[in-house]
Each structure stands twice: as C-alpha cells, then as structure tokens.
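What the coordinates show
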Amino acid sequence: MGNIVVLDELTINQIAAGEVIERPANVVKELVENSIDAGAKNISIEIRNGGISYIRIVDDGKGIAKDDMQLAFERHATSKIRSGKDLSTVMTMGFRGEALASIAAIANVEMTSSTGNSVGNRIIVKAGDVLSFEEGACPKGTVIEVKELFFNTPVRYKFLRKDFTEGGYIEDIVSRLALIHPEISFKLKSSNKVVISTNGNGDIITTVYSIFGKEIADNLLPVDYEYEGMKLVGVVGKPSISRSNRSNQIMYVNTRHVKDKTIRTAIDEAYKNILPQGKFAFTMINLNIDSSLVDVNVHPAKLEIRFQNENDVFKIVYHGIREALLTNDLSRHAFVDTLDNKEAENVENIEKNKEETYKNAFDRVDSLNNNIKKDVISEINEANYYEYKLNSDNILKGIVENRINKNENINFFENHGDVVQNKKEYTYIGTAFSTYNIIEYMNELYIIDQHAAHERVLYERLKNSYYNDERLSQMILIPEIITLTNKEMDIVKDNIDTFEKVGYIIESFGDNTYKISGVPNICVDINAKNLFMDVLDELQGNLRTSKDNMEDNLIATIACKAAVKGNMNLSDMEVKGLIQELLTLDNPFTCPHGRPTAIKFSKYDLERKFGRK
C-alpha cells in the first residue's frame with residue numbers, strides 16, 4: 001500500500017489558516033476588508049484579550065444572501081472573481097475566498113447577515129463544521145463573532161504574544177484601513193475602551209487627527225501628482241514629525257496596504273538631504289495604477305505586490321513627494337528647524353564651510369602620494385559619513401578589515417593593555433574637521449572619533465547608574481506633554497520601571513497622554529520630547545528581544561542621542577577630558593553599537609607611505 005493520502009478538509013483548512021491567519025490581527029484585516037468590499041459606511045470592531053478570546057465586527061454593507069451563507073465558508077468560494085483572467089484586473093480587497101474558511105477552521109464563528117429583507121440568517125461554524133443555520137433578526141449588513149481563536153491549533157496559539165501586543169497589531173490594521181477610507185466611519189473597542197473612532201466625513205486630515213493626534217495632523221503636506229497614467233495622492237510629513245523607525249511610513253496601491261521596496265526607496269530618496277540619517281518621514285500615500293500593471297496575488301496575506309514597471313513607480317513616488325516638499329519650501333532649512341538651536345547653528349556652519357574645508361584639505365594632500373590620499377583621507381570622510389549610520393551600516397569596520405586582510409599595520413588600539421596601563425602618557429595634537437581628535441602615543445598616531453568616544457563614555461556612565469539603581473534625573477523647567485497611540489501607551493505602561501530607572505520622571509496625564517517632568521541627567525540639552533519618542537521607537541523595535549538586550553539597546557540609544565556630534569567644536573580642555581575618561585574604561589575601543597572609537601597609524605606606516613622605509 002502506498003504512503004500518499006489525500007488530506008481531510010479540516011487539515012487542509014488548518015494549513016491554509018497557517019498561511020493566511022497568523023494572529024488575531026489577520027482575522028480583523030480579512031473580515032473588515034470584506035465589509036469594505038460590501039460597501040459598508042460604518043464598521044465597528046470590538047475585541048477582548050487582544051482579539052484572542054473574542055472579536056466582533058459589525059457593518060452596514062449590502063449583506064449576504066441566504067443561499068450564499070453556507071457557501072461563504074467553503075474554500076475558494078468568492079463573489080469577487082470568476083476566473084483566472086479576473087486576477088489581472090481585481091480591485092476588491094479580498095478575492096481568494098480563503099478567509100472565512102480559514103478562520104472557521106481554527107475558531108468558533110457565528111455570522112448573522114441580512115440583505116435588507118425583514119429577516120436575516122444566522123450560521124454557527126466550529127472547527128469547520130456547521131453546527132446550526134437558521135433565520136435570525138439583523139438589520140441590513142453583517143455581524144461576525146469569532147471566539148476562542150486557535151483553540152484547536154495549540155502550536156499557533158502558544159506563539160501569540162501578550163494581549164496588549166496583539167491588540168496593538170489590530171490597532172495598526174484598523175488605522176491603515178481607516179486612513180485609506182476616510183469616507184467610512186471606523187470604531188475599534190478593546191476591552192470596552194474606544195481605541196479608534198473616525199467620523200467618516202471623507203477628510204484625510206480629520207482621519208489622521210483622530211488616529212495620530214493634533215501634532216501630526218498640523219504638520220502634513222498634501223501630495224497630488226500624475227505621471228504616465230498613474231496618480232499619487234495622500235499626505236507626507238514635515239521633518240519635525242519624523243521618527244526613528246518606519247512605523248509611520250504607510251503606503252497603498254489602489255487602496256490596498258502594501259510593503260514595497262521600490263516605494264520605500266523612492267520615499268527615502270525624496271527626503272534625502274532633508275532628514276538626517278536614521279530618521280524616517282511620516283507618509284500616507286496611495287498609488288492609483290492600472291490594475292493590469294500590478295500583480296496583487298504574490299503574497300498569502302496580500303502584503304507584497306509586483307509592478308510591471310518599477311522605474312515608473314519609483315519616479316512618480318519620488319517626484320510626487322519631492323514636489324510637495326519643494327512647493328512648501330522645505331529645503332535644508334526644514335531640517336535645521338527640527339534641531340535644537342545649538343545644533344542648528346552647527347549645521348549652518350557646516351554648510352557654509354564644508355566646501356572650503358574639504359577643498360583645503362585635499363589641496364594639502366595633493367603634495368602627498370596617492371596612497372595617503374586613498375588610505376587616510378577616504379577613511380576619514382567615510383567615517384564622517386558614518387555619523388548617523390550607527391545602526392545600519394558598517395563602512396568603517398569594512399575598510400579596516402579590508403586593510404587587515406592586506407596585512408597593513410593599521411588597527412584600533414591594537415595593544416589594548418599598554419594603552420590602558422599608560423593612559424596618561426599621550427600627547428594631544430589637535431582636532432581635524434571638528435570631528436577627529438588626534439593624539440600621539442609611543443610613536444603611534446591615534447585618530448579618535450569624538451562622537452563614538454563620547455557615546456561610549458556616556459553609555460558606561462548610564463549603564464553603571466542603571467544597574468546600581470542610581471536614578472540620575474534632571475527636572476526640566478517646563479514639563480513636556482506627549483500624546484501617544486494606544487499601542488505606544490501600552491508599551492510605556494509595560495516598561496514604566498525601565499523608563500524611571502534610566503532617569504525619566506513621567507506620569508499619566510489623561511487618555512493617551514503622558515507628562516515628562518524629568519529626563520536622564522546626561523540629556524538636559526536635548527529636546528525631551530524627541531528623545532522620549534526615539535527611546536520609545538527603540539523599545540518598539542525590540543519587543544521580541546530579551547529584557548537584558550532591550551535595556552542595553554535603550555541605554556545605547558540615549559547615549560547616542562546625548563553624545564557630542566561630529567562637526568561640533570570642542571575646546572582643548574573638553575577634548576582632553578573626553579580622551580582621559582575614555583581611556584579609563586575597560587572597553588574604550590568601540591561605541592555601544594560596535595563602531596570603532598579610533599584608528600591607529602604607526603610611525604612605521606607613515607614612514608613607509610612617505611618612502612622613508
């Protein structure tokens with residue numbers, strides 16, 4: 001007898017559910033998209049325990065006819081398409097006919113629906129089996145209740161996260177659907193608390209206000225651009241509301257929320273030279289494109305798509321956003337305005353003197369041989385570029401590793417023990433490009449990156465106080481009031497002890513609002529609100545890491561933000577104090593993110609470059 005068998009229908013549906021339904025948020029997404037396709041103008045979502053134990057969705061759409069109620073729970077049963085040809089022109093949100101069958105295979109589902117007749121119909125399905133089907137009272141529209149999600153798939157259930165985390169995913173899904181459908185009123189309740197409520201008046205700014213708050217809504221620029229038969233519409237944010245992650249970069253194609261590398265790259269390029277490295281703009285854009293030029297049937301959850309001509313897509317997104325920024329006169333000065341006064345002054349000085357500084361530097365190098373120009377100046381400039389790339393690139397490390405592979409004698413503090421033991425016996429020579437401090441020690445030249453060095457010093461200070469329960473805080477004159485999303489509120493509540501241990505003095509200040517009265521004492525000169533949001537972004541991005549790693553990343557982020565920057569002029573006394581403290585550390589060789597604090601040139605290296613050896 002052979003080993004191959006045909007799987008039973010329940011197992012087939014459970015496998016399909018594993019692709020389509022990963023967590024409660026996927027259930028909400030699929031069902032709300034069905035409500036949108038049904039022409040609903042009011043959609044209400046209620047969840048409990050992050051949607052794990054209970055989800056209820058009510059809409060006032062066209063409803064489901066009695067003859068279709070049972071058929072709707074069959075696999076690949078759909079009203080959206082009729083044949084494979086329709087896949088090239090599909091415009092509805094759902095179309096595969098897998099959602100209801102997949103959900104019903106792993107949960108208890110009750111659906112009541114009416115097309116506007118005097119009575120409706122109710123069907124109850126458990127683990128794929130229809131338990132009852134009868135008439136039931138219901139206004140025009142559909143009501144679906146999903147209970148005990150993953151009750152018969154324990155492996156999937158045990159991988160779910162905390163209730164507030166799963167609830168946050170649902171909030172994200174509903175927010176994205178509400179933003180692209182401002183003409184529909186959405187209401188999301190979590191454990192009897194209203195989390196999202198939009199009025200459905202068709203105004204995108206009002207919808208943004210309802211979801212993200214006043215500050216975001218007041219700093220948006222409209223986008224309306226056409227190119228090669230495509231149209232880009234939506235809103236983009238001014239630099240002042242940029243974030244340290246991409247959570248507020250929301251993109252749609254034909255009103256379908258997607259994650260696309262081409263669009264993301266075009267956004268980054270449009271904001272280039274306007275935002276500092278490591279900051280990401282707020283964007284909410286929808287690309288209207290001929291459906292035959294895009295394949296939406298690439299990903300089980302329909303998040304990824306494929307364009308026939310990616311170059312045209314890049315161009316319309318880039319030029320559409322760029323035009324919005326230029327029309328509103330957001331050039332370099334828009335970036336400067338987002339900085340503190342001292343930082344803004346430094347940026348203006350950099351812009352004024354950069355061309356002359358680099359010209360003079362390279363003029364002086366022209367008298368040297370090509371090797372020095374290639375090996376020294378290029379490394380300094382690339383290290384300067386690295387300034388804001390602490391978390392993403394590893395350019396300088398790559399250069400050094402490449403040099404080591406060539407057996408050239410340039411390393412970072414190669415003789416670690418000797419440097420630390422004789423840390424006071426060095427000669428300070430000067431500072432290059434307002435960024436690199438140069439010292440001589442035992443016939444060797446060290447070039448120290450002042451930002452990386454100061455970052456390591458602050459990191460060690462903060463880490464020491466954190467783990468010794470020394471809460472080093474500094475009260476601020478005027479407390480900062482910060483409005484957060486519900487997901488962000490939950491993260492703050494769950495990590496309130498971590499915030500306080502690191503030096504924050506914060507307290508709840510009403511719905512979705514916190515008051516910051518004190519900050520870590522090393523951060524007195526930094527915008528308290530911006531720093532807090534950066535720290536919160538770091539926490540959001542590390543929810544899945546261990547507590548120790550999360551705390552370490554948090555401390556490193558604060559140290560990075562508080563450290564002196566490249567191109568920031570320091571007095572000789574400040575430089576010497578920084579170097580002295582750096583050399584007292586057990587590990588002075590890298591910043592907390594792994595970037596080197598210094599590179600070394602031996603006397604022999606220089607003599608060989610000048611042809612003396």
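The rules behind these values
- Residues numbered from 1 in each chain as written.
- Predicted model: local features only at pLDDT ≥ 70, side-chain atom pairs only at ≥ 80, totals over all residues.
- Heavy atoms only, no water.
- Helix = DSSP H or I, 4+ residues; strand = E, 2+ residues; numbered from the N terminus.
- Buried < 20%, exposed > 50% of the residue type's maximum accessible area, 1.4 Å probe, protein only.
- Contact = heavy atoms within 4.5 Å.
- Areas by Shrake-Rupley, 256 points an atom, 1.4 Å probe, with all protein chains shown as cover.
- Pairing = 2+ DSSP bridges.
- Phe/Tyr/Trp six-rings, centres within 6.5 Å; stacked < 30°, edge-to-face > 60°.
- Core = buried A, V, L, I, M, F, W, Y, C linked by side-chain atoms within 4.5 Å.
- Axes fitted to C-alpha atoms, helices over the stretch in contact; angles between N-to-C directions.
- Polar contact = N/O pair within 3.5 Å; in protein donor to acceptor, adjacent residues only side chain to side chain.
- Expected span 1.5 Å × (residues − 1).
- Parallel < 35°, antiparallel > 145°, perpendicular 65-115°, else oblique.
- Left-handed = near helix turned anticlockwise from the far one by under 90°.
- Nonpolar A, V, L, I, M, F, W, Y, C, P; charged D, E, K, R; others polar.

Take the overall build of the chain next. Per the secondary structure count, the chain includes 22 helices and 22 strands. Counting all 613 residues of the chain, 49% fall into the buried class. Considering only residue pairs separated by 6 or more positions, the chain has 69% of its internal contacts joining residues 24 or more positions apart. Summed over all atoms, the accessible surface of the chain reaches about 29,500 Å², with 47% contributed by carbon and sulfur.

In this section: the pairing of strand E6 (residues 141–147). Each regular strand carries side chains that alternate between the two faces of the sheet. With respect to burial, E6 is a largely interior element, six of its seven residues being buried. Alignment of strand E2 (residues 54–59) against E6, held across six bridges, turns out to be antiparallel. Each residue of the ladder has a partner; that of Tyr-54, found in E6, is Lys-147.

Moving on: the packing of aromatic side chains. Counting across every chain of the model gives six aromatic pairs. Aromatic pair Phe-314 and Tyr-318: ring centres 6.1 Å apart, planes at 5°, arrangement stacked. One end of the pair is Phe-314 and the other is Tyr-318, both in helix H10 (residues 310–327) and four residues apart, which spans about a single turn. Overall, Phe-314 belongs to the partly exposed group, its relative accessible area being 27%. Taking the relative accessible area as the measure of exposure, Tyr-318 reaches 23% and is therefore partly exposed. With a centroid separation of 5.0 Å and 75° between ring planes, the pair formed by Tyr-466 and Tyr-467 is classed as edge-to-face. A residue is classified by how much of its surface remains accessible, and Tyr-467, at 38% relative accessible area, is partly exposed. Here a set of aromatic residues connected by ring pairs shows up, and it is made of Phe-499, Tyr-504 and Phe-532.

So, on to the nonpolar core. General note: in soluble globular proteins, nonpolar side chains tend to be found buried as a group. Val-32, Ile-43, Ile-45, Val-146, Phe-186 and Phe-282 are the most contacted members of the largest nonpolar core, which totals 55 residues. Among the elements that make up this core, the one with the highest residue count is helix H6 (residues 163–180) (seven residues). Apart from the residues within four sequence positions on either side, Ile-43 is in contact with Val-32, Ser-35, Ile-36, Ile-57, Val-58, Asp-59, Ile-184, Ser-185, Phe-186 and Lys-187. Core analysis: the second largest hydrophobic core is formed by 35 residues, Phe-499, Leu-539, Ala-556 and Ala-559 among them.

Turning to the sheet that holds strand E8 (residues 193–197), a few remarks are in order. In spatial order, the strands read E5-E4-E3-E6-E2-E1-E7-E8; together these eight strands make up an open sheet with mixed pairing. The sheet is open, and its two edges are formed by strand E5 (129–136) and E8, each paired on a single side. Taking the axes of each pair of neighbouring strands and ignoring which way they run, one obtains an average angle of 10° across the sheet. Bridge count for strand E7 (residues 185–190) against E8 is four bridges, and the pairing is antiparallel. Paired with Lys-187 across the strands is Ser-197, a residue of E8. Packing of helix H2 (residues 24–37) onto the sheet brings it into contact with strand E1 (42–48), E2, E6 and E7, and relative to E2 it is tilted by some 10°.

Another point: the sheet that holds strand E18 (residues 444–449). Strand order in the open sheet formed by four strands is E16-E17-E18-E22, and the pairing between neighbours is antiparallel. The sheet is open, and its two edges are formed by strand E16 (427–432) and strand E22 (598–602), each paired on a single side. The mean angle between the axes of side-by-side strands here comes to 20°, regardless of whether they run parallel or antiparallel. Of the strand pairs in this sheet, strand E17 (residues 436–441) and E18 are connected by six bridges, and their pairing is antiparallel. Bridging across to E18, Tyr-436 finds its partner in Asp-449. Set on the sheet, helix H16 (residues 450–467) makes contact with E17 and E18; between it and E18 the angle comes to about 75°. Set on the sheet, helix H21 (residues 572–582) makes contact with E16, E17 and E18; between it and E16 the angle comes to about 115°.

On to the side chain of Asp-449, then. Position of Asp-449 among the secondary structure elements: in strand E18. Residue classification places Asp-449 among the buried residues on the basis of a relative accessible area of 5%. A distance of 2.6 Å separates a polar atom in the side chain of Asp-449 from a polar atom in the side chain of Arg-595. Those residues within four positions of Asp-449 in sequence are excluded, and the remaining contacts are Thr-435, Tyr-436, Arg-595 and Thr-597.

Its 18 residues place the ends of H16 26 Å apart at the C-alpha level, agreeing with the 26 Å of an ideal helix rising 1.5 Å per residue. Summarising burial for H16: 13 of the 18 residues are buried, a large majority. One side-chain oxygen at the N-terminal end of H16 lies 2.9 Å from the backbone nitrogen of His-451; it belongs to Asp-449. Once H16 finishes, Asp-469 follows within two positions and takes phi at roughly 55°, a positive value.

Take the environment of Glu-470 next. Mapped onto the fold, Glu-470 is located in the loop between H16 and strand E19 (473–483). Separated by 31 residues in the primary sequence, Glu-470 and Lys-501 place their C-alpha atoms 7.6 Å from one another.

This part covers the packing of H6 against helix H17 (residues 486–494). For the pair H6 and H17, the least separation of the axes is 9 Å and the interaxial angle reads 160°. Accordingly, the angle class assigned to the pair H6 and H17 is roughly antiparallel. As H6 runs across H17, the sense of the crossing is left-handed. In this structure, H6 uses Phe-164, Gly-168, Tyr-169, Glu-171 and Asp-172 to contact H17, whose residues at the interface are Asn-486, Lys-487, Asp-490, Ile-491 and Asp-494. Looking at the contact of H6 with H17 residue by residue, the classes come out as three nonpolar, two polar and five charged.

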